[in-house]
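Structural features, examined
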Amino acid sequence: MSYEYSSSSSQNFTFPNPLREHNLFVGAAAAISGLTGFILLFQARAALRSGAHLEALAAAAVAFALMMVGGYLLFQVFSQLRFFFGRGRPQGLAPQLAPDQIGTSTPAEAVIKESLRQQALEYPEPADPLSGLLYSLVPDLIYAPRPVRAFAERQFQAGILTVALLGGLLISAILGDGEGGRVSGWVAIILFVISAPSLLNPRSGANADLGISVLSVPKMAALIAFSVLGPVAIALVGNSLPAPPFGIGATTLLLLLVLAGVLHGLFFTAVIRHRMAAPSTTVSMIQDTWNISVNPAMLSAEFMRAMQDGWWEKIPNRRYCRIDPIVNLADRTGEFRGSIVEETQPVPFVIDGARIEGEPDGDRPFASGNPMIITLINGYALLLVLVASVASFLLVGALTGGGSGVGSLAACTLFVWALAKAAFAVARFLRLRFDFRSTVIWMEMNGTYAAAEVAQGNRYTSNLHASSQVVQIEGMTFRLWVAEVHSAAFGKDGARYMLSMLGKPDLAAALAKRLKDFITSQATLVSVGSTGDQERAQRSAMMNAQLNLGNGTLPFDRLPTRNGGD
């Protein structure tokens, strides 16, 4: 990450580390994992001395993997000890233009301009039945940022899948198969394989598009049918089936599903807390009709000067659209259109407005979210790390002691480690939500121009003549939209989403008045402004006066000079 120091504003983007508490849990997990791996190395050493070379190699591999996990978690803590924003953060609402670049982009036109023009924010509708059920139970969730919505949909579907798997396991246990443990082992393995992809990658929903379903109607029907018919169907070919590759029984699978169900329940509770009430979408809009006789590009230049005067802490605005009006005087007449969209530097703030000790108000940069539920997720992740470490210790004991159940222990250990990793990842993701305030300003002008020429000076009595080509514009349409935007992003480099808009009528009126006063006060005639031009004009006027009065011409050496001498 980059860090930019400025003596006037460096503290505005130096954050109190939102991951401070998260780092404590991750550091404890790193210590548990590394210590377990170090202890297991001695078990591998003892097995190697006893001559069990293959068993020692397997135990050493497990120990090495645990020490690698501990090192990875420790390095993650080191990289999160300080937290600050650098230049260019957070991301813009659309692709940004360089200071001298002219153009626009599809997000600027379809998202920013349309939101301001219609004074409304777009919320995608639920795309699958389960999402429709979720939004009927939690209506305000639809106003949350899109990553939150996608994550909530994924967790809701994963919760239903867990319940369905538990139901299938219960039905399978009640109906039985009549062929002993081989069939029940295969049933448990099949249910385990079905559940693992959805339950072990919960955060994938936050990065996916809305409406992606992990549990469709055909999957539900197939799961119910397998729960009822599967044990009997497998029993018919039970004698020809090989032994299960790893012996996960119904009890073990039940325990794993309960662990996963508790974790997904915590995930869903945390993400639901990010919902918000129906937001404000008001925008201050000014429309006026102007008659001007200058190039409308001068209005764009004054607008950019006004924007620079309002830079927050001298940080340049983000420019998303710049289309300069083009006037071609050779065509004599034509149409023009201009547009500029700028956003002030997004300033982070505490979403609940809580006052921070030592700060004058609640707008000190800080991460938003609910620390208590995230603390519970971190604590549960640390508990899972402890359970996985114990399972790893038992696995190495089974490997070196020649005990049974190695396959089942290996599968359970990997499953619990994956749950712990998912828990830490989700806790970090939810803790790194940041809310921002900024002002979005859009100026638009369009109309028809006609070229004209204005002459200056008396053609018969004056020796000083001038002419100017001017633009005559009647009924130019001027529009200005101004809104304070509340946006949110997950992580420093995450995409930013508009959550609400609030009009700023005073700012809009002041800016429109400044632009109108400027453009209507511009002169169309040629002005002789330099000192040399004024002296020459004075000498020409004296010569014209002498000729018009019939007096003799003064010798050139008697004409006034620049220093006023004869």
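Now for a quick tour of the structure. Quick caveat: nothing in here was measured; it's all calculated off a predicted structure.

With 30 residues, helix 1 (residues 20-49) ought to run about 44 Å at 1.5 Å a step, and its terminal C-alpha atoms sit 44 Å apart, in line with that. What helix 1 keeps buried is the set His22, Asn23, Phe25, Val26, Ala29, Ala30, Ser33, Thr36, Gly37, Leu40, Ala44 and Ala47. On its buried face, helix 1 sits against helix 2 (53-79), helix 11 (371-401) and helix 12 (406-431). Looking at the residues trailing helix 1, positive phi occurs at Gly51, about 95°.

Moving on: the packing of helix 1 against helix 11. Interaxial distance between helix 1 and helix 11 falls to 10 Å at its minimum, and their mutual angle equals 5°. Put simply, helix 1 runs roughly parallel to helix 11. Looking at side-chain class alone, the contact of helix 1 with helix 11 contains 13 nonpolar, 11 polar and 1 charged residues.

With 13 residues, helix 3 (residues 106-118) ought to run about 18 Å at 1.5 Å a step, and its terminal C-alpha atoms sit 17 Å apart, in line with that. Within helix 3 the residues assigned to the buried category are Ala108, Ile112, Lys113, Ser115 and Leu116. Gln119, located one to two residues past helix 3, shows a positive phi value of around 50°.

Moving on, we get to the pattern of salt bridges. One pass over the structure, following the stated rule, counts 14 salt bridges. In this structure, Arg117 and Glu114 form a salt bridge, with 3.3 Å as the shortest nitrogen-oxygen distance. Placement of both Arg117 and Glu114 in helix 3 is noted, with a separation of 3 residues, approximately one turn of the helix. Overall, the relative accessible area of 26% leaves Glu114 in the partly exposed class.

On to the packing of aromatic side chains. This model, assessed by the stated rule, comprises 9 aromatic pairs. Between Tyr123 and Tyr143, the ring centres sit 5.3 Å apart and the planes meet at 85°, which makes this aromatic pair edge-to-face. Placement of the pair is Tyr123 in the loop between helix 3 and helix 4 (129-137) and Tyr143 in the loop between helix 4 and helix 5 (146-175), with a sequence separation of 20 residues. Looking at Tyr123, the relative accessible area reads 23%, which means it is partly exposed. The class for Tyr143 is partly exposed, based on a relative accessible area of 23%. Here the aromatic rings of Phe156 and Phe268 are separated by 6.0 Å at their centres, their planes lie at 35°, and the arrangement is tilted.

Core analysis: the biggest nonpolar cluster contains 54 residues, and Leu141 and Leu384 have the highest contact counts within it. At the level of elements, helix 1, helix 2, helix 4, helix 5, helix 9 (250-272), helix 11 and helix 12 are the ones that each hand at least two residues to this core. Per element, the largest residue contribution to this core is 12 residues, and it comes from helix 12. If sequence neighbours within four positions are ignored, Leu384 has contacts with Leu259, Leu263, Val416, Leu419 and Ala420. With 27 residues, the next largest nonpolar core counts Ile473, Phe478, Ala508 and Leu515 among its residues.

A few words now on the pairing of strand 3 (residues 333-343). Every regular strand shows the same layout, with side chains that alternate between the two sheet faces. Of all 11 residues making up strand 3, 8 are buried, and the element is well covered by its neighbours. Where strand 2 (residues 318-323) lies against strand 3, 5 bridges are found, and the strand directions are antiparallel. Among the inter-strand pairings, Arg318 is bridged to a residue of strand 3, identified as Glu343.

The next point concerns a nonpolar patch on the surface. On the surface, a cluster of nonpolar side chains totalling about 1,000 Å² of accessible area is made up of Leu35, Phe38, Ile39, Leu41, Phe42, Met67, Leu383, Leu386, Val387, Val390, Phe393 and Leu394. Elements with a contribution of two residues or more to the nonpolar patch: helix 1 and helix 11. With respect to the helices and strands, Val390 occurs in helix 11.

What follows is about the packing of helix 2 against helix 11. Geometry of a packed helix pair, given as the angle between the helix axes and the separation of the axes. Where helix 2 contacts helix 11, the axes come no closer than 8 Å and their chain directions differ by 165°. As judged from the angle between their axes, helix 2 and helix 11 are roughly antiparallel. Helix 11 is crossed by helix 2, and the crossing has left-handed handedness. Every residue of helix 11 that contacts helix 2 at Glu55, Ala58, Ala59, Val62 and Leu66 is listed here: Ser392, Leu395, Val396, Leu399 and Thr400. Per-class residue counts for the contact of helix 2 with helix 11 are 7 nonpolar, 2 polar and 1 charged.

Cut-off values and rules
Residues numbered from 1 in each chain as written. Predicted model: local features only at pLDDT ≥ 70, side-chain atom pairs only at ≥ 80, totals over all residues. Heavy atoms only, no water. Helix = DSSP H or I, 4+ residues; strand = E, 2+ residues; numbered from the N terminus. Expected span 1.5 Å × (residues − 1). Buried < 20%, exposed > 50% of the residue type's maximum accessible area, 1.4 Å probe, protein only. Contact = heavy atoms within 4.5 Å. Axes fitted to C-alpha atoms, helices over the stretch in contact; angles between N-to-C directions. Parallel < 35°, antiparallel > 145°, perpendicular 65-115°, else oblique. Nonpolar A, V, L, I, M, F, W, Y, C, P; charged D, E, K, R; others polar. Salt bridge = Lys/Arg side-chain N within 4 Å of Asp/Glu carboxyl O. Phe/Tyr/Trp six-rings, centres within 6.5 Å; stacked < 30°, edge-to-face > 60°. Core = buried A, V, L, I, M, F, W, Y, C linked by side-chain atoms within 4.5 Å. Pairing = 2+ DSSP bridges. Patch = residues over 30% accessible without salt bridge, like charges linked within 9 Å, V, L, I, M, F, W, Y side chains within 5 Å. Areas by Shrake-Rupley, 256 points an atom, 1.4 Å probe, with all protein chains shown as cover. Left-handed = near helix turned anticlockwise from the far one by under 90°.

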